[in-house]
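# Examination of the molecular architecture
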Amino acid sequence: MSKPLTIYGHRGARAHAPENTLLGLETGIRLGADWLEIDVQHHAGELWLMHDLTLERTTNGRGYLNQHSAAELRALDAGQGQRIPTLAEAMTLIEQRAGLNIELKSWDGCAEAVADHLRTAIAQGWPLQQLRVSSFHLPELWAFKQALPEVSIGVLSCGVPLDWAAVATEMGADSLHISDEFVDQKLIDDAHARGLKVLVYTVNDPAQMRALMAQGIDGIFTDAPGIARAALEAARAQ
């Protein structure tokens, strides 16, 4: 039997509901995601769930998120009548029903703000094993690790580094997150030899999911958690 995968609902379940919204997160849980992945930007004293630095693709707003007041951002439609939620609202909705992978999408203070929020959440009972923070912006990810070292971090990579998975080890990460366009068996093997989990983004095709399971990866980020759950159950039945 192939190695089981941990299913991460990418931005909630963006194939079925507006991404990075409360509806998207609830849909991801309903469709069987083990974890939910969200993108967070720090602006106007809040941590906003938003992937792009600009508003046009996912809302009815225009321009850069950081050019708008909190009240203006609150008034936007993020799809199907959803609003842009905050990290606090997202965590209240999830209520520990799934793990939470927070990707830092802005810098210059985002790491510290997320660390402050998670420190409070942990003190109120959120389990450490259900939290991870990740980023492509490694200096910001490093700042988070220094601020809250007890929370696991994941290094995002869009390519195959010359030194394989070494950067994740140097960062003190517990996982390496790689693009499905650069799934290299040597990279997977090197990461596993270093004690790292290997997570692949963004995988929506069942055949590709099965191939990745055969390569021994640990998890996938998917827009369609229900498809991933069905593929995983089929593999378990073999």
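Okay, so let's go over this structure. (Residues numbered from 1 in each chain as written. Predicted model: local features only at pLDDT ≥ 70, side-chain atom pairs only at ≥ 80, totals over all residues. Heavy atoms only, no water.)

### Observations concerning the overall build of the chain
Heads up, the rule is: Helix numbers and strand numbers start at the N terminus; a helix is a DSSP run of H or I with at least 4 residues, a strand a run of E with at least 2. The globule rule used here is 2.2 Å times the number of residues to the 0.38 power, and the radius of gyration it is set against is calculated over C-alpha atoms. Each residue is assigned to one of three classes by its accessible area relative to the maximum for its type, calculated with a 1.4 Å probe on protein chains only: buried under 20%, partly exposed between the two thresholds, exposed over 50%. Contact between two residues is taken to exist if any of their heavy atoms lie within 4.5 Å; hydrogens are not considered. Residue exposure ignores everything except the shown protein chains as possible cover, and the areas themselves are Shrake-Rupley values with a 1.4 Å probe. Charge convention: Lys and Arg are scored as positive, Asp and Glu as negative, and His as well as the terminal groups of each chain are ignored. Each charge is placed at NZ for Lys, CZ for Arg, CG for Asp and CD for Glu.
Scanning the chain from N- to C-terminus turns up 9 helices and 9 strands. Since a compact globule built from 238 residues should have a radius of gyration of about 18 Å, the 17 Å found for the chain is in line with a globular shape. Along the three orthogonal principal directions, the C-alpha set of the chain runs to about 50 × 35 × 35 Å. Considering the chain as a whole, with its 238 residues, one finds that 52% of them fall into the buried category. Contacts in the chain between residues far apart in sequence, at least 24 positions, make up 55% of those at least 6 positions apart. Here the chain has roughly 10100 Å² of accessible surface; of this, 52% comes from carbon and sulfur atoms. Averaging the positions of the 19 positive and the 30 negative side-chain charges in the chain gives two centres separated by 4 Å.

### Things to note about the packing of helix α4 (residues 110–123) against helix α5 (residues 138–147)
The condition that has to hold: Throughout, an axis means a line fitted to C-alpha atoms (over the contacting stretch in the case of helices), and angles, computed between N-to-C directions, take values from 0 to 180 degrees. In this scheme the crossing of two helices becomes right-handed for a clockwise turn of the near helix relative to the far one and left-handed for an anticlockwise turn of less than a right angle. By the convention adopted, Pro, Cys, Tyr, Trp, Phe, Met, Ile, Leu, Val and Ala count as nonpolar, Lys, Arg, Asp and Glu as charged, and the other residues, Gly among them, as polar.
Where α4 contacts α5, the two axes come as close as 8 Å, and the packing angle between them is 35°. In this structure, α4 meets α5 at a crossing whose hand is right-handed. Between α4 and α5, the residues in contact are C110, A111, E112, V114, A115, L118 and R119 and E140, A143, F144 and A147, respectively. Classifying every residue of the contact of α4 with α5 by side-chain character gives 8 nonpolar, no polar and 3 charged.

### Points about the environment of G226
You can see G226 is positioned in helix α9 (residues 225–237). Judged by its relative accessible area of 28%, G226 falls in the partly exposed class.

### Let's talk about α9
Applicable threshold: Each residue after the first adds 1.5 Å to the expected span of a helix. Picture the helix axis, draw a direction to every C-beta atom, and the arc is the one those directions span.
Given a rise of 1.5 Å per residue, 13 residues ought to cover 18 Å, and the 18 Å separating the end C-alpha atoms of α9 matches this to within 8%. By the burial criterion, the buried members of α9 are P225, A228, R229, A231, L232 and A235. Take α9 and look down its axis: the buried residues cluster within an arc of 165°, on one side only. Of the surrounding secondary structure, the elements contacted by the buried residues of α9 are β1 (6–10), α1 (22–30), α8 (206–214) and β9 (219–222).

### Brief notes about the pairing of β1
Each regular strand carries side chains that alternate between the two faces of the sheet. We apply this condition: Two strands pair under a simple rule: DSSP has to find at least two bridges between them.
The buried fraction of β1 amounts to 4 of the 5 residues, a majority that puts the element mostly inside the structure. By the bridge criterion, 4 bridges tie β1 to β9 in an arrangement that is parallel. What sits directly across from G9, in β9, is T222. By the bridge criterion, 3 bridges tie β1 to strand β2 (residues 35–43) in an arrangement that is parallel. Bridged to Y8 within β2 is W35.

### So, the nonpolar core
Generally speaking, a soluble globular protein has its nonpolar side chains buried in company with each other. This is how the line gets drawn: Each nonpolar core is a collection of buried residues, namely Ala, Val, Leu, Ile, Met, Phe, Trp, Tyr and Cys, held together in the definition by side-chain atoms within 4.5 Å.
Of all hydrophobic cores here, the largest spans 56 residues; its most connected members are V40, L100, I102, V114, L118, V133 and F144. Core analysis: the next-biggest nonpolar cluster, separate from the first, contains 8 residues, W48, M50, L76 and A78 among them.

### Quick look at the side chain of D174
Formally: Counting of polar contacts relies on pairs of N or O atoms within 3.5 Å, with two restrictions inside protein: one atom must be capable of donating a hydrogen and the other of accepting it, and residues adjacent in sequence are counted only when both atoms are side-chain atoms.
Position of D174 relative to the elements: it lies in the loop between α6 (166–171) and β7 (175–179). One polar contact links D174 to R132, side chain to side chain, over a distance of 3.4 Å. Aside from chain neighbours lying at most four places away, what touches D174 is R132, S152, I153, G195, L196 and K197.

### Some thoughts on the layout of surface pockets
Which entries qualify depends on this criterion: The rule is simple: put a 1 Å grid over the protein atoms alone, call a set of points where a 1.4 Å probe fits but cannot get out a cavity, call an open set with protein on both sides within 12 Å along at least five of seven lines a pocket, and count a residue as lining if it has an atom within 4 Å of a point. Grid points are joined across faces, edges and corners, and a volume is the space filled by probe spheres set on the points.
One number sums up the size of the largest pocket: a volume of about 190 Å³. Forming the walls of the largest pocket are 17 residues, and the residues nearest its centre are H10, E37, E103, Y201 and T202. Classifying every residue of the lining of the largest pocket gives 4 nonpolar, 6 polar and 7 charged. Empty space within the second largest pocket amounts to approximately 160 Å³. Contributing to the lining of the second largest pocket are Q41, H42, H43, L53, Y64, L65, N66, S106, W107 and D108. Here the lining of the second largest pocket is composed, by residue class, of 4 nonpolar, 5 polar and 1 charged.

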